[in-house]
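An overview of the molecular structure
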Amino acid sequence: MGAVFNGQEPLHIAIIGAGIGGLSLANGLLRQGVSYTLYEAAKCYSAVGAGVGLGPNAIHALDAIDHRLSALYNDISSGNVTPGKDHVMMDGMLLEEGFGEKRGLKPIPYGAQCYNRTSAHRKALLDILTSGIPINTVKFNYRVKSIDQKSDRVVIAFDNGEVVEASCVIGCDGVKGVTRPLVLGQKWPDLVKAKYTGRYVYRAVVPMEKAMEVLGKDCLGNEIAGDARMMMHEGAIITTFPISRGKECNMVAFKFDGRSEWPYEEWTHPVSKETMVKDFEELGVDQRMIRFLDWATPLQWSVHDHPETPIYYNHLICLLGDSAHATTPHQASGAGQCIEDAFVLSRLLGLVAAPTQLDAAFRAYDSIRRPRAQKVVQTSREAADIFTLKAPGIGADMNKIVANMNERFLWIWDHDLLADAEKAKSEFYKLTETGKQRNGSVELKSAPMANVEEVQILLAA
């Protein structure tokens with residue numbers, strides 16, 4: 001953190017939410033020497049979901065935050081079992097009976113030279129991110145009740161009765177978090193709630209020995225469970241890939257229901273095993289994937305996203321990760337975008353010498369991160385159309401599908417994040433008009449704060 005200038009109080013950040021985004025930001029702030037407290041509503045660190053994959057952009061962001069994080073991730077990640085497939089993201093296959101082999105189709109790989117296949121158990125990734133965070137900077141069982149924005153600070157009340165002050169709030173509290181309404185609610189109330197995308201998923205983690213026994217080998221002689229697979233159908237998508245250093249196989253089974261709204265109050269909906277099996281049997285999928293459902297929990301996880309977010313901050317509240325740009329998982333880029341956010345924002349906050357410069361930091365962050373992250377949201381929806389064999393000009397032509405896959409990820413993977421940080425830095429300096437040297441120290445001129453009335457928004461506990 002920069003020195004205190006002109007008698008202003010030092011910077012202290014309140015991070016709301018201890019998921020991948022919040023933990024990545026905490027690591028970044030720690031490395032930048034910025035004071036923070038991480039508030040988590042749960043009683044301990046917890047992981048939702050099982051498998052997570054990081055592309056080269058996400059690994060580069062981890063490395064830029066702290067090179068030890070990327071080294072630890074490489075130690076616990078899993079690749080494809082088949083030799084020579086280090087740069088293969090997935091093998092494209094049809095989900096129909098026989099995986100397309102009955103009509104003479106072979107699994108077709110897609111990926112890129114800049115890509116190395118990695119995936120891990122989500123808990124293992126969270127263990128890495130929490131390993132270097134001092135426990136005295138984290139508070140559990142702290143659920144936000146209200147946030148009162150003053151001109152120069154925020155006052156946060158929690159449902160346990162505690163009230164704290166901070167220089168600003170970074171909302172890493174996810175797609176249903178309390179911070180997104182505070183940023184968008186006054187000007188864009190219709191964009192606060194995430195949109196249902198017409199699909200839900202079932203999840204399973206299968207011991208690799210059992211997975212190989214059930215799925216067997218493909219027509220090329222390779223273990224189906226041992227390599228990452230993308231199985232496509234007009235009404236469903238199933239992805240499988242190794243996790244836990246190859247000891248387990250993760251499955252995510254998408255069912256497309258075509259509804260414009262999720263009909264249930266909760267975003268997860270328990271069903272019978274019979275209902276779950278029927279969701280895929282009625283489509284005529286390969287019976288081996290029906291057997292895979294023996295390990296799945298009969299719970300439908302609805303898939304929502306944020307197709308439009310006009311701005312990522314409002315005065316002293318800034319969004320990061322899924323609270324800003326929740327996306328569908330069809331490009332395996334959600335976690336990576338959280339980490340990219342954390343890298344850029346932590347670098348900017350490391351430049352802030354006084355709380356009056358937060359507006360400039362948030363403006364620079366928004367200008368760099370929002371266009372890229374929102375493009376990921378939009379193109380992920382497009383990827384789903386391709387995987388459900390509905391994309392115009394592509395349809396069910398596997399060669400065209402794979403050709404598209406070989407190109408569509410490059411702008412995500414092969415991206416210069418260090419250049420983004422430099423652009424953000426330049427924008428910050430432009431907004432604050434720093435750089436004028438006087439007696440060996442920097443003379444600072446703060447950017448004007450956003451024209452936001454002092455408001456207090458109370459949220460249901």
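As recorded in an unreviewed UniProt entry, the protein chain goes by the name FAD/NAD(P)-binding domain-containing protein, listed as coming from Rhizodiscina lignyota.

1. So, helix α3 (residues 67-76)
Considered for burial, the residues of α3 that qualify are Leu69, Ser70 and Tyr73. Angular distribution of buried residues about the axis of α3 spans 95°; they occupy a single face of the element. Tucked into the core, α3 has its buried residues touching α1 (20-32), β3 (51-52), α2 (56-65), β6 (120-121) and α4 (122-130).

2. Section: the sheet that holds strand β13 (residues 229-232)
The strand order across the open sheet formed by eight strands is β5-β4-β13-β14-β15-β12-β17-β16, and the pairing between neighbours is mixed. Pairing within the sheet leaves two strands with one partner each, and these edge strands are β5 (108-111) and β16 (268-270). In this sheet, neighbouring strand axes are inclined to one another by 25° on average, regardless of whether the strands run parallel or antiparallel. Where strand β12 (residues 195-207) lies against strand β15 (residues 248-256), nine bridges are found, and the strand directions are antiparallel. Each residue of the ladder has a partner; that of Val206, found in β15, is Cys249. Each of β12, β14 (236-243) and β15 touches helix α6 (residues 208-215); the most contacted strand, β12, lies at about 105° to it. Across the sheet, helix α11 (residues 358-387) lies against β5, β12, β13, β14, β15 and β17 (299-305), angled at about 70° from β12, the strand it touches most.

3. Overview of the sheet that holds strand β2 (residues 35-40)
Here we have six strands laid out as an open sheet, ordered β7-β2-β1-β11-β19-β18, and mixed in their pairing. Of all strands in the sheet, those bounded by a partner on one side alone are β7 (138-140) and β18 (313-314). Looking at chain direction, strand β11 (residues 168-171) and strand β19 (residues 317-319) are connected through three bridges and run parallel. What sits directly across from Ile170, in β19, is Cys318.

4. Side note on the side chain of Thr432
Structurally, Thr432 can be placed in helix α14 (residues 417-432). A relative accessible area of 0% means that Thr432 is categorised as buried. At 2.9 Å, the side chain of Thr432 and the backbone oxygen of Phe428 are in polar contact.

5. Focus on the packing of aromatic side chains
Here the structure, examined in full by the defined rule, presents 16 aromatic pairs. With a centroid separation of 6.5 Å and an interplanar angle of 5°, the aromatic rings of Tyr110 and Phe409 are classed as stacked. Here Tyr110 is found in strand β5, whereas its partner Phe409 is found in the loop between α12 (398-408) and α13 (410-413), with 299 residues between them in sequence. With relative accessibility at 2%, the residue Tyr110 sits in the buried group. Using a relative accessible area of 1% as the deciding quantity, one classes Phe409 as buried.

6. Some words on the side chain of Thr379
Looking at where Thr379 falls in the secondary structure, it is placed in helix α11. Classification of Thr379 as buried rests on a relative accessible area of 9%. If sequence neighbours within four positions are ignored, Thr379 has contacts with Gln331, Arg408 and Trp411.

7. Considerations on the pattern of salt bridges
Pairing of side chains with opposite charge becomes possible as their charged atoms draw close. Inspection of the entire model under this criterion finds 24 salt bridges. Residue Asp257 pairs with Arg259 through a salt bridge whose shortest N-O separation is 2.7 Å. Relative accessible area serves as the criterion here: at 24%, Asp257 is assigned to the partly exposed category. Between Asp294 and Lys273 there is a salt bridge, and its shortest N-O distance comes to 2.9 Å. Of this pair, Asp294 sits in the loop between α8 (287-292) and β17 while Lys273 is found in helix α7 (residues 273-281), placing the two residues 21 residues apart along the sequence. If you follow the salt bridges from partner to partner, you end up with Lys85, Asp91, Asp218, Asp227 and Arg229 in one network.

8. Section: the packing of α3 against α4
Where α3 contacts α4, the two axes come as close as 10 Å, and the packing angle between them is 155°. With respect to α4, the element α3 is oriented roughly antiparallel. As α3 runs across α4, the sense of the crossing is right-handed. Judged by residue contacts, Leu69, Leu72, Tyr73 and Ile76 of α3 engage Ala124, Leu125, Ile128 and Leu129 from α4. Tallied by class, the residues present in the contact of α3 with α4 amount to eight nonpolar, no polar and no charged.

9. Describing the pairing of β14
Remember that side chains alternate between the two faces of the sheet whenever the strand is regular. Counted residue by residue, β14 has eight buried out of eight residues, so it is predominantly covered. Neither face of β14 is open: one carries Ala236, Ile238, Thr240 and Pro242, the other Ile237, Thr239, Phe241 and Ile243, and all of them are buried. Two elements, β13 and β14, share four bridges in a ladder whose sense is antiparallel. What sits directly across from Met230, in β14, is Thr239. Connecting the antiparallel pair β13 and β14 is a turn made up of three residues. Looking at chain direction, β14 and β15 are connected through eight bridges and run antiparallel. Bridging from a neighbouring strand, Pro242 pairs with Cys249 of β15.

Rules and cut-offs
- Residues numbered from 1 in each chain as written.
- Predicted model: local features only at pLDDT ≥ 70, side-chain atom pairs only at ≥ 80, totals over all residues.
- Heavy atoms only, no water.
- Buried < 20%, exposed > 50% of the residue type's maximum accessible area, 1.4 Å probe, protein only.
- Helix = DSSP H or I, 4+ residues; strand = E, 2+ residues; numbered from the N terminus.
- Arc of directions from axis to C-beta.
- Contact = heavy atoms within 4.5 Å.
- Pairing = 2+ DSSP bridges.
- Axes fitted to C-alpha atoms, helices over the stretch in contact; angles between N-to-C directions.
- Polar contact = N/O pair within 3.5 Å; in protein donor to acceptor, adjacent residues only side chain to side chain.
- Phe/Tyr/Trp six-rings, centres within 6.5 Å; stacked < 30°, edge-to-face > 60°.
- Salt bridge = Lys/Arg side-chain N within 4 Å of Asp/Glu carboxyl O.
- Parallel < 35°, antiparallel > 145°, perpendicular 65-115°, else oblique.
- Left-handed = near helix turned anticlockwise from the far one by under 90°.
- Nonpolar A, V, L, I, M, F, W, Y, C, P; charged D, E, K, R; others polar.

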